[in-house]
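The residues making up each chain are set out below.
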Amino acid sequence: MITARAAATFDPVARSVATARAFVRDTLQGWGYTDVVDDAVVLTSELVTNAVIHAGTAADVLCLRTEDGVRVEIADHYPEREIPLQPAALDLGSLDSENGRGLLLCAALASRWGVEYSPTRKHVWFQLDLPDRPVGVRSAGPLLPVGLLPVTDERVRVAVVQVDSEGAVAAWNDDAAYLFGYTTDQVIGKQLTDFTAWPQTPGTSTGIADALRLSRWEGSYGIRGADGRTIPVYGSHLRVRDPQGEPSTVCLLVRDYERAVLQTPVRAPVSDASESRQTDPFEVFIGSPAPDDLDGLLQRTVERARDMLDADAAFLLLATDDETELEVRATTGLPSARQRFARVPVEAGTGRYGSARMPAVHEDLDAVPGAVPLLANTGMRSVVTVPLKVEGRLTGSLGVAAEAAGRYSNEEALRLQFAADRIALAVESARLGELERLRRGSLSFLVEASDLLAGTLDRDQTLALMAQMTVPTLATWCAVYTIADPASDPELSYVLHEDEERIDGLKSLLTRISPPEPVRTPGARVWAAPSQAAHEAALRTSMRSIGIGDAGGLGSTTRTTLATAAAVGGETVVLPLVARNRVIGMLTLGKPSDDHFRQEILELAEDLSRRAALALDNARLYSERTAISQSLQRSLLPPGLPAVPNVEVDVIYRAAGEGNEVGGDFYDVFPIRDGAYGFAIGDVCGTGPEAAAVTGLARHALRLLAREGFGGPAVLERLNAAILDEGTRSRFLTLLYGELWPQEDGSALLKVVCAGHPLPLRLRQDGSVEPAADPQPLLGVMEDLELYEQEFTLEPGDVLLCVTDGVTERREGTRMLGDDGLADVLAHCTGLTAGAVAARILRAVERFAAEPPSDDMAILTMRVPEPQ
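First, a word on scope: everything that follows refers to the structure included in this document. Quick caveat, the model's predicted, so the values are computed rather than measured.

**Examining the sheet that holds strand 22 (residues 582-590)**
The pairing of strands in a sheet happens through backbone hydrogen bonds and is either parallel or antiparallel. The strand order 19-18-22-21-20 describes an open sheet built from five strands, whose pairing is antiparallel. The open sheet has two edge strands, strand 19 (491-497) and strand 20 (525-526), and neither has a second partner. The sheet strands contacting helix 12 (residues 459-470) are strand 18 (477-482), strand 19, strand 21 (572-579) and strand 22, and the helix crosses strand 19 at an angle near 40 degrees. Helix-sheet contacts for helix 13 (residues 503-512) involve strand 18 and strand 19, and the interaxial angle to strand 19 is about 150 degrees.

As C-alpha cells, this is what we get:
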C-alpha cells in the first residue's frame, strides 16, 4: 500500500544530478526512512546521470512510500531508443564503462528492481525494504553489565532548542536554561551562533551554520555559558517544517560525556556479503583515514597511483574553472618545486595537453616529444594518463610514468581509469571546498586592502601599501612602475622582497633592464625579462668565479648576484594599473626558483590592481591639488617682513587642515614711503578659490592705495567698493589696517582702523592690557562706509598684538578662549620680545584644547624695544 508520494522533474544539465540527490535525501529523511537513505541516494545519482548526461533528456523522479520500504522510479525521455525484445539479454554494462553502472548497482543494492521501455521513454525502478526491527526500536545494542553502562550526573538533562530559518532561537526549554545559565528571555530571537564555540570535535570542518541547514546532523561542539565558560555538548539536529511550511531545526543537546543518550549507534554489517558490498572503493585506494585537506589528498593519490603501477613518477593536474587549462597540483618522482602550479592548455595552443579528456598510453615519449609537456627533460619514457571526470565534466588528469619505454598498455590504463573514477568525486569535493575557502579569504583580503588604500592620500604611502599587501600574501617579490603622463616612460617607483636583504639586489637588477610595456589589456601577462637577466648575470658571475675553492670565498657582489637570480628565477607577471581610462603604471609580481602562480592568485591580484590603481591616481590628484593650494597660499602672503627701525615685528601663520584648501586669513607689513610703514591683518569669509580671490584683491589693493598717499579710512573705503564690485563672487572681509611711524625719541606713532576685526591689544610695561582701537563695520557688506582712524603711541617696552578670529574663537566643548582669555595670556608677556610674545600666544592657543585647531590663525606682534 502506498502511503505517500513525492515527484520532481530535473533538466538535462549536469547540476541536476546533485539536485536530484538532495531531493531524494530530503524526502526519505522527512518520511523517517534514514536506514535506506544512503543506498537510495547512490542509486538515484547513477540513474539520473544516465538520463541527463548520457541520454541527454530531462529526468522524472518519483518516490513512493510503502509500509515496509520505499520505491523510487526514474524515467528519461529519449525518443528513438530501440525496445529490446528479449529482456534476458539486457546488458548491464561493466565496471569500467561510463554508463550501465546504475543497473549493476540496482542489482547489488536494491531488494527488487526493474526496467520498463516504451517508444518515448525508459523507466527504471528499484525497491528498498526497511530492516526488520521491533516496533518503536530504532536500533539495539547488546546486553551490558550494569558496571559498563554510561555514568550520568543526577538526572539526565536534555536541552531542547528550536532554531528558525534565519538561525535565531525560537524555543528554549528548562533543561537548556539549567545547563547553560541563560533564561528564555535572554536567548529568544538571538542567533544560536552567538552562543556557540565551534568546533570541539577534532577534525570537524562543518560550521554550526552549515550544520543547522542539514536535514539531520549529529556531533559535538561547545556552548558558552552565562558564566563565560565553554560547556562541551553533544547535539542531534533534525530539520523540520512548521505548520506554515517554514523550515526550522530542532536541536537536542546533552553534556558531551552523556552523548550515549543521543548518539546513533553505527550500523553493523549483517553478513560477509553485505560487508564486501559496502566497502568504499575510494578508501580501498586512498587508505583510511583519508587526508582531510586537498593537498594531502592529491599527494596521497599520486603516491598510490605510482605504487599501483610500479611506476617511477606520478602526477595529478586539476582543470581550471573554464576547463581550458590544467594546473599541476601534485607530483611524486618529479621536480615538484619547478612544476607546481604550472599550466598547460587542454586542447589548443603551444604545448597543449591533447589527451586530457580520454585515457592515453605513450609507449615512448622520445618518439612523440611534447605529448606530455610536464615530463619534458625529466628522463621519463613511457606514460599513461587518464581523465578525472565528475558528472561528465573534466575536472583533472592523473598520470604515471616510467623511465623505461613500453612499460604500459591498455590494461594498465583501464586499471588507472578505474582508480581515477573512484577518487574523482572526492577530489572535486575537496577542490570546491578549498576554492570556497580561497574565495572567502580573497573577499576578506580585498575588503581589508580597500580600507587600507582608502585611508591614505599620500602617493609614497600608497605605493608602499600596494607592495606590502602583495608580499608575501600573493608573491615573493613585487615592483611597482608608475607613468607620470602618457608621454613619459615607466619609472621604477617601489621594490619589495619578503627577504629585506634581497631588495637592493632586486632593485639593481630591475633598473638595468627595460621596464615592461604599458598595455591596457586587463589580466596578468608573463614577463620573462627579469628571470633571463638574472640568469645571465648569474652565469657570468659563475664563470668569473671558476677556480674558487668553496662558496665561502665568493665576494659579496657575487653572492648578491646569485641570490638575486634565485629570488627572481620563477614566473614573473605584470598587471596594468588602469585608472580613469589611462595606464598609470604596472604592478609586477614574481616567484623564486621556477615557481608558478596559481590561477586563483592571479585573479585576486587583478582585483587588487584595479583598487590600487584608483587609490594611486587619487593620491596623485590629491598631491597635485595640495601643491597648487600651497603655492597659491604662499602667493597670498608677503615674501618677507621689512626691517622697521626701532620696532620689532614678528608674525606666525598657521593654516588649518591638511594643506589642500587655501585659507582666508592673511597679513602684510610693507613700506609706504620714507619713515612710514603699513601693516594689515585680515580674515576673508570661507576658504577655497573664492576666498583666495578676495584675499589677493585686498592685499594688493592695500599696498597700491597706501602708496598713492591715501589715509587709512580712504584705503578701506575704496577696498570695500572693489569687493562689492565683484558681485556674487564677493566675500565679506574683516580687516585691521594701520600705519606705523617710528619716532626719534624711541617711540612709535600708530594710526589704525579696525573694520569688523578682533580688536588689537596693547600691552604696557606695567602689565596692563587694553584694546588699542574701537570696532567699526566690516568690509564687503555695506556700500557707504564712514570709517575713521585712531591714533596712539607705543612707548618703549610696549607691545601691540593683532590676531585673527582663529585665536580668539579657539574652543573646547562649550569653552572658548575669547578676548578676555587672550588678554590674560598677553598680560604675562611683559619684557618678552615680539617673537617670544607671538610664540607664547600660539602655545597657549594650542594647549587650550586637545583637538588640533580647525581654523586658520595669524598672529602679528609689534614691540618698541627699551633703550639699552
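Back to the text.
**Overview of the sheet that holds strand 6 (residues 159-163)**
On the basis of which strands lie adjacent, the open sheet formed by six strands has the order 7-6-11-10-9-8 and antiparallel pairing. The sheet is open, and its two borders are formed by strand 7 (169-172) and strand 8 (196-197), each paired with just one other strand. Inspection of the sheet shows strand 9 (residues 216-224) paired to strand 10 (residues 230-241) by nine bridges, in the antiparallel sense. In the sheet register, Arg216 faces strand 10, and the bridge partner there is Leu238.

**Brief notes about the environment of Arg25**
As for its placement among the helices and strands, Arg25 is situated in helix 1 (residues 15-31). Residues Arg25 and Val36 lie eleven residues apart in sequence; the distance between their C-alpha atoms is 9.6 Å. Those residues in contact with Arg25 that lie beyond four places of it in its chain are Val37 and Val41.

**With respect to the environment of Thr511**
For Thr511, the location among the structural elements is in helix 13. In sequence terms Thr511 and Glu491 are 20 residues apart; their C-alpha atoms lie 9.1 Å from each other. For Thr511, the side chain forms a polar contact with the main-chain oxygen of Ser508, separated by 2.8 Å.

**Describing the pairing of strand 17 (residues 393-402)**
Most of strand 17 sits out of view: nine of its ten residues are buried. Where strand 12 (residues 313-319) and strand 17 come together, six bridges link them in antiparallel fashion. Within strand 17, the position partnered with Ala314 by the bridge is Val400. Judged from the nine bridges that link them, strand 16 (residues 382-390) and strand 17 form a sheet pairing that is antiparallel. Looking at strand 17, one finds that Val384 is bridged to Val400. Counting the residues in the hairpin turn of strand 16 and strand 17 gives two residues, including Glu391, whose phi is positive at 55 degrees.

**Quick word on helix 1**
Residues that lie three or four places apart on an α-helix share one face, since the helix turns once every 3.6 residues. With 17 residues, helix 1 extends 25 Å from end C-alpha to end C-alpha; this agrees with the ideal 24 Å at 1.5 Å per step. For helix 1, every residue scored as buried is listed here: Ser16, Val17, Ala20, Phe23, Val24, Thr27, Leu28, Gln29 and Trp31. Directly after helix 1, the chain includes Gly32, whose backbone phi takes a positive value near 85 degrees.

**A look at the environment of Val24**
With respect to the helices and strands, the residue Val24 is situated in helix 1. Taking C-alpha positions, Val24 is 8.7 Å from Val72, a pair spaced 48 residues apart along the chain.

**Side note on the pattern of salt bridges**
By the definition in use, this model includes 26 salt bridges. Its salt-bridge partner being Arg381, residue Asp366 comes within 2.9 Å of it at the nearest N-O pair. Residue Asp366 is found in the loop between strand 15 (360-362) and strand 16, and its partner Arg381 is found in the loop between strand 15 and strand 16; the two are separated by 15 residues along the sequence. For Asp798, the salt bridge is made with Arg762, and the minimal N-O distance between the two is 3.1 Å. Of this pair, Asp798 sits in the loop between strand 30 (790-794) and strand 31 (799-803) while Arg762 sits in strand 28 (residues 761-763), placing them 36 residues apart in sequence. For Arg762, a relative accessible area of 7% gives the class buried. Linked by salt bridges that have partners in common, Arg155, Arg157 and Asp175 make up one network.

Procedures and definitions
Residues numbered from 1 in each chain as written. Predicted model: local features only at pLDDT ≥ 70, side-chain atom pairs only at ≥ 80, totals over all residues. Heavy atoms only, no water. Pairing = 2+ DSSP bridges. Helix = DSSP H or I, 4+ residues; strand = E, 2+ residues; numbered from the N terminus. Contact = heavy atoms within 4.5 Å. Axes fitted to C-alpha atoms, helices over the stretch in contact; angles between N-to-C directions. Polar contact = N/O pair within 3.5 Å; in protein donor to acceptor, adjacent residues only side chain to side chain. Buried < 20%, exposed > 50% of the residue type's maximum accessible area, 1.4 Å probe, protein only. Expected span 1.5 Å × (residues − 1). Salt bridge = Lys/Arg side-chain N within 4 Å of Asp/Glu carboxyl O.

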